Amino acid sequence: MKADQKRKQIVFAVALFIGISAFSSAEAVDEYQQKVLFSPSPSVLAAEARGRVMIYDGLRYATVTRAMDEQFGRIENMMFVGTVIEREDGELEVEEDGCD
């Protein structure tokens, strides 16, 4: 009976992982980053006060610029990688920042 129960636990864990992965879209990640960046919770601010650095990945250049202006006091706790730049022809380009 224990082996059957263990198998059910493994199947459940795999199903849970697949379900979470399906809902972890780029849009959800971007939404989370925007929230932390522009509306940080008290716990995020406390973590930053202890030295935590948040790495923001794949944000648009305009968002990074806005963050630099509006969240200036928190800049030392921010790192931006993979910034997306919109070229004049409308094409999107990911900035090469050496943080692969």
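Residues numbered from 1 in each chain as written. Predicted model: local features only at pLDDT ≥ 70, side-chain atom pairs only at ≥ 80, totals over all residues. Heavy atoms only, no water.

## Digging into the packing of aromatic side chains
Per the stated rule, a full pass over the model turns up one aromatic pair. Residues tyrosine 56 and phenylalanine 80 carry aromatic rings whose centres are separated by 5.4 Å and whose planes lie at 25 degrees to one another, so their mutual orientation is stacked. Of this pair, tyrosine 56 sits in strand S1 (residues 54–57) while phenylalanine 80 sits in strand S2 (residues 78–81), and the two are 24 residues apart along the sequence. Each member of the pair, tyrosine 56 as well as phenylalanine 80, is classed as buried. (Phe/Tyr/Trp six-rings, centres within 6.5 Å; stacked < 30°, edge-to-face > 60°. Helix = DSSP H or I, 4+ residues; strand = E, 2+ residues; numbered from the N terminus. Buried < 20%, exposed > 50% of the residue type's maximum accessible area, 1.4 Å probe, protein only.)

## Re the pattern of salt bridges
Per the stated rule, a full pass over the model turns up four salt bridges. Residue arginine 60 pairs with glutamate 86 through a salt bridge whose shortest N-O separation is 3.8 Å. Taken together, the residues span a long stretch of sequence, with arginine 60 in the loop between S1 and helix H4 (61–70) and glutamate 86 in strand S3 (residues 84–86) at a distance of 26 residues. Judged by relative accessible area, glutamate 86 falls into the exposed class, the value being 52%. Of the charged contacts in the structure, one is a salt bridge between glutamate 70 and arginine 66, with a shortest N-O distance of 3.0 Å. (Salt bridge = Lys/Arg side-chain N within 4 Å of Asp/Glu carboxyl O.)

## Topic: a nonpolar patch on the surface
A grouping of Val53, Ile55 and Met79 is seen on the molecular surface, where their side chains present a nonpolar patch of about 240 Å² in accessible area. Residue placement: valine 53 occurs in the loop between helix H3 (42–49) and S1. (Patch = residues over 30% accessible without salt bridge, like charges linked within 9 Å, V, L, I, M, F, W, Y side chains within 5 Å. Areas by Shrake-Rupley, 256 points an atom, 1.4 Å probe, with all protein chains shown as cover.)

## A short note on the nonpolar core
Core analysis: the biggest nonpolar cluster contains eleven residues, these being Val36, Leu37, Phe38, Val44, Met54, Tyr56, Leu59, Val64, Ala67, Met78 and Phe80. Take this core: its biggest share by element is three residues, from helix H2 (residues 26–38). Discounting residues that sit within four places of it in the chain, tyrosine 56 has contacts with Gln33, Val36, Leu37, Arg74, Met78, Met79, Phe80 and Val81. (Core = buried A, V, L, I, M, F, W, Y, C linked by side-chain atoms within 4.5 Å. Contact = heavy atoms within 4.5 Å.)

## Comments concerning the confidence of the model for the protein chain
For the protein chain, per-residue confidence averages 79 on the pLDDT scale, and 68% of positions sit at 70 or higher. No element of the protein chain has a lower mean pLDDT than helix H1 (residues 2–23), at 55, and none a higher one than H3, at 94. (pLDDT = per-residue confidence, 0-100.)

## Some words on H3
Inspection of H3 places Val44, Ala47 and Glu48 among the buried residues, and these make up the whole buried set. Considered in projection along H3, the buried side chains sweep an arc of 100 degrees and stay on one side of the axis. Looking at H3, the residues exposed on the side facing more than 90 degrees away from the buried face are Pro42, Ser43 and Ala49. In the segment just after H3, glycine 51 is the residue with positive phi, at about 110 degrees. (Arc of directions from axis to C-beta.)

## Some points on the pairing of S1
Of the two faces of S1, the one lined by Met54 and Tyr56 is fully buried and the one lined by Ile55 and Asp57 carries no buried residue. Across four bridges, S1 lies against S2 in parallel orientation. Bridged to tyrosine 56 within S2 is phenylalanine 80. Running through H4, the crossover from S1 to the neighbouring parallel element S2 is right-handed. (Pairing = 2+ DSSP bridges. Right-handed = clockwise from strand over helix to strand, strands pointing away.)

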